[in-house]
Amino acid sequence: QVQLVESGGGLVQAGESLRLSCAASGSIFSSYVMGWYRQAPGKQRELVATITSGRIPNYADSVKGRFTISRDNAKNTVFLQMNSLKPEDTAVYYCNANWLDYYYWGQGTQVNVSS
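Residues numbered from 1 in each chain as written. Predicted model: local features only at pLDDT ≥ 70, side-chain atom pairs only at ≥ 80, totals over all residues. Heavy atoms only, no water.

**Q** What should I look at first to understand the overall build of the protein chain in this one?
**A** Assigned secondary structure in the protein chain consists of zero helices and 11 strands. Taken from the N to the C terminus, the helices and strands of the protein chain come in the order β-β-β-β-β-β-β-β-β-β-β. Taking 2.2 N^0.38 as the reference for a compact globule, 115 residues should give roughly 13 Å; the C-alpha atoms of the protein chain span a radius of gyration of 13 Å, in line with that estimate. With the C-alpha coordinates aligned to their principal axes, the bounding extent of the protein chain is approximately 40 × 25 × 20 Å. The buried share of the protein chain, reckoned over its 115 residues, is 42%. When contacts within the protein chain are restricted to residue pairs at least 6 apart in sequence, long-range pairs at least 24 apart make up 52% of them. Total accessible area on the protein chain stands at roughly 6100 Å², and carbon and sulfur atoms take up 48% of it. Placing the 10 positive and 8 negative side-chain charges of the protein chain at their respective mean positions leaves the two points 3 Å apart. (Helix = DSSP H or I, 4+ residues; strand = E, 2+ residues; numbered from the N terminus. Rg over C-alpha atoms; globule rule 2.2 N^0.38 Å. Buried < 20%, exposed > 50% of the residue type's maximum accessible area, 1.4 Å probe, protein only. Contact = heavy atoms within 4.5 Å. Areas by Shrake-Rupley, 256 points an atom, 1.4 Å probe, with all protein chains shown as cover. Lys, Arg positive; Asp, Glu negative; His and termini not counted. Charge placed at Lys NZ, Arg CZ, Asp CG, Glu CD.)

Shown next, in the form of structure tokens:
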């Protein structure tokens, strides 16, 4: 069982930045594909970014050029640097860990961007 704990959410104004962190338990963190997803009120959960064990990132078109995903395998932590935030980025952000057929989710952290 993998436990994921997100942190770093908050309320910011449009154009500002936030950095989300997700700390994972487990001894094989470096093997996981880690990801960030988000869910806005009334909408389905959507992919924001993923990063493979080889540190290859993938981004949703809506965040390309503004968000950066990274990982520190020594600290079992994945980060999401969010710059130039927009009101439409407002959502609960969830950390995800994927290994083989196993998927784990964190409890989410709220990000609110005011205009």
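**Q** What is the right way to look at the state of the cysteines in this model?
**A** Cysteine pairs can be covalently joined through their sulfur atoms, and such a bond is termed a disulfide. Summed over the entire model, instances satisfying the criterion amount to one disulfide. Covalently, Cys22 is tied to Cys95 through a disulfide, its sulfur atoms 2.1 Å apart. The chirality of the disulfide connecting Cys22 with Cys95 is left-handed, given an S-S dihedral of about -85 degrees. Of this pair, Cys22 sits in strand S3 (residues 18-24) while Cys95 is found in strand S9 (residues 91-99), placing the two residues 73 residues apart along the sequence. (Disulfide = S-S within 2.5 Å.)

**Q** Would you take a moment to explain the side chain of Thr50 for this structure?
**A** Assignment of secondary structure puts Thr50 in strand S5 (residues 46-51). Apart from residues no more than four positions distant in its own chain, Thr50 is found in contact with Val33, Met34, Gly35, Tyr37, Ile56, Pro57, Asn58 and Ile69.

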